[in-house]
Amino acid sequence: MSLKVLFVGTPAFAVPSLEALLRSSHKLAAVITQPDRPAGRGRIPKPSPVKQLALKAGLKLMEPPRVEHPGCLDEIRLLEPDVGVVVAYGRILPSSFLKIPRFGCLNLHASLLPRHRGAAPVAWAILMGDEFTGVSVMQMDEGLDTGPVMATVKTPIGPQEDAQELSQRLSRLGADLLLETLGKLEEGGLVPSPQKHEEATYAPRLRKQDGRIAWEETAERIARKVRALVPWPSAYTYWGGRRLKILKARALALESGQRPGRVIKAKGENLWIATGGGTLQVLELQPEAKTAMTAQAFLSGRGMQEGDLLSSG
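Residues numbered from 1 in each chain as written. Predicted model: local features only at pLDDT ≥ 70, side-chain atom pairs only at ≥ 80, totals over all residues. Heavy atoms only, no water.

(A) Seen up close, the overall build of the protein chain. A tally of helices and strands in the protein chain yields eight helices and 15 strands. Seen through its principal axes, the protein chain has C-alpha atoms that stretch 70 × 45 × 30 Å. Burial analysis of the protein chain (313 residues in total) assigns 49% to the buried set. Taking the contacts inside the protein chain whose residues are at least 6 apart along the sequence as the reference set, 64% of them involve residues at least 24 apart. A total of about 15300 Å² of accessible surface is found on the protein chain, and carbon and sulfur atoms cover 51% of it. Here the protein chain carries 41 positive and 32 negative side-chain charges, and the mean point of each set is 6 Å from the other. (Helix = DSSP H or I, 4+ residues; strand = E, 2+ residues; numbered from the N terminus. Buried < 20%, exposed > 50% of the residue type's maximum accessible area, 1.4 Å probe, protein only. Contact = heavy atoms within 4.5 Å. Areas by Shrake-Rupley, 256 points an atom, 1.4 Å probe, with all protein chains shown as cover. Lys, Arg positive; Asp, Glu negative; His and termini not counted. Charge placed at Lys NZ, Arg CZ, Asp CG, Glu CD.)

(B) Up close: the pairing of strand 7 (residues 105–109). Counting buried residues along strand 7, five of its five residues qualify, which places the element largely inside the surrounding structure. Alternating positions in strand 7 separate into two faces, Cys105, Asn107 and His109 on one and Leu106 and Leu108 on the other, with burial throughout. Across four bridges, strand 6 (residues 83–87) lies against strand 7 in parallel orientation. Across the sheet, the residue bridging to valine 86 is asparagine 107, located in strand 7. Across four bridges, strand 7 lies against strand 8 (residues 132–139) in antiparallel orientation. Within strand 8, the residue paired with leucine 108 across the bridge is valine 137. (Pairing = 2+ DSSP bridges.)

(C) Looking closely at the side chain of aspartate 82. Along the polypeptide, aspartate 82 turns up in the loop between helix 3 (70–79) and strand 6. The exposure class assigned to aspartate 82 is buried, which follows from its relative accessible area of 14%. Within the local environment of aspartate 82, its side chain forms a polar contact with the side chain of arginine 102, the two groups lying 3.0 Å apart. If near-sequence neighbours (up to four positions away) are discounted, aspartate 82 is found in contact with Ser2, Leu3, Lys4, Pro101, Arg102, Phe103 and Gly104. (Polar contact = N/O pair within 3.5 Å; in protein donor to acceptor, adjacent residues only side chain to side chain.)

(D) Broad picture of the pairing of strand 6. Of all five residues in strand 6, five are buried; the element is thus mostly enclosed. Neither face of strand 6 is exposed, since Val83, Val85 and Val87 on one face and Gly84 and Val86 on the opposite face are all buried.

(E) Region of the structure containing the pattern of salt bridges. Per the stated rule, a full pass over the model turns up ten salt bridges. The salt bridge partner of glutamate 75 is lysine 60, with a shortest N-O separation of 2.9 Å. Here glutamate 75, found in helix 3, pairs with lysine 60, found in the loop between helix 2 (49–57) and strand 5 (61–62); they are 15 residues apart in sequence, far enough to count as distant. Each member of the salt-bridge network shares a partner with another, and the members are Asp36, Lys51 and Glu63. (Salt bridge = Lys/Arg side-chain N within 4 Å of Asp/Glu carboxyl O.)

(F) Quick peek at the sheet that holds strand 6. Strands sit in the order 5-2-1-6-7-8-9 across an open sheet of seven strands; the sheet is mixed. Every other strand in the sheet has two partners, leaving strand 5 and strand 9 (149–156) as the edge strands with one partner each.

(G) Here's a closer look at the packing of helix 1 (residues 15–23) against helix 2. At a minimum axis separation of 9 Å, helix 1 and helix 2 run at an interaxial angle of 20°. Our classification of the angle between helix 1 and helix 2 gives roughly parallel. Here helix 1 and helix 2 pass one another in a crossing that is right-handed. Facing helix 1, whose interface residues are Val15, Leu18, Glu19 and Leu22, helix 2 presents Pro49, Val50, Leu53, Ala54 and Ala57. Partitioning the contact of helix 1 with helix 2 into residue classes produces eight nonpolar, no polar and one charged. (Axes fitted to C-alpha atoms, helices over the stretch in contact; angles between N-to-C directions. Parallel < 35°, antiparallel > 145°, perpendicular 65-115°, else oblique. Left-handed = near helix turned anticlockwise from the far one by under 90°. Nonpolar A, V, L, I, M, F, W, Y, C, P; charged D, E, K, R; others polar.)

(H) Molecular detail of unusual backbone geometry. For the bond from leucine 113 to proline 114, the omega torsion is 15°, close enough to zero to count as cis. Residues other than glycine seldom take positive phi values, yet aspartate 145 does so here, at roughly 60°. Among the secondary structure elements, aspartate 145 is positioned in the loop between strand 8 and strand 9. On the basis of relative accessible area, aspartate 145 is assigned to the buried category, the value being 11%. With a phi angle near 65°, alanine 289 is a residue other than glycine that sits in the positive phi range.

(I) Quick look at the nonpolar core. By size, the foremost hydrophobic cluster in this structure holds 42 residues, and its most contacted members are Phe7, Leu18, Val87 and Leu182. Of all the elements, helix 6 (residues 163–187) adds the most residues to this core, at seven residues. (Core = buried A, V, L, I, M, F, W, Y, C linked by side-chain atoms within 4.5 Å.)

(J) Layout of the state of the cysteines. If you walk through the whole model with that rule in mind, you get zero disulfides. In this structure cysteine 72 is not part of a disulfide, and its nearest cysteine sulfur, from cysteine 105, lies 12 Å away. A relative accessible area of 7% means that cysteine 72 is categorised as buried. Cysteine 105 sits in the buried class, given a relative accessible area of 1%. (Disulfide = S-S within 2.5 Å.)

And the structure:
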């Protein structure tokens, strides 16, 4: 037996799940994604990764500004889906929508719920120094990632793994878990596990200002920020009044005794910055209005010297 699935998703994280459903025996009733958004310097409307795949696969595509619009809900009811599958759609879905599929809606979330509920679980897992993270398939209710959990997969976070790399890996793990969960749903073998709400933590949407580096923090915390904020908003500092993005870095267990933010080594491939605890070695960076480059390339042509001071702006 196969299920008639209504797929709801928008960014690249959702693409492996949609690809997995296309390879499965389940029938895709339709795909719902957010409308095209302006992107790039020209602000030209760009289709979401999910829309691009749906069009390529010839699937029925819906792009409502709001799914709660009565006309949209009526159209979804006519599809008679067995289950809704929601992967990083980017909007809160109302109960009027969640009740339409026969088995309700399942959400694939990139954390081990109830830890890191919210919009940016991958980044916050790295920011908080978690050793492990994972993916959860949850039965959706009207709360923010509060529904009972159907299945999880746990995985370690690599010591140098950034948010983009971790997100890609979790998206693939999640796609496999989703198919496994749908198989058990068909067979009636799912046992929902209520979340322990008192243990919940939250992962709010990232803001541009979250990337600002405070050099008074430890090198380990700054290195985590660098990894967590790839590809956006990126960790950044200021040198000579201009913004400098730090794209790759690692913490060194070396105390310099220097003022936090002071450049203590700037030679060859070694760019070391004093922090409030330990030393940060910058490996890759991007000056304002320039392309990304290695520390060695930056030092060979930019004039940064030992003793220079980086600031939070």
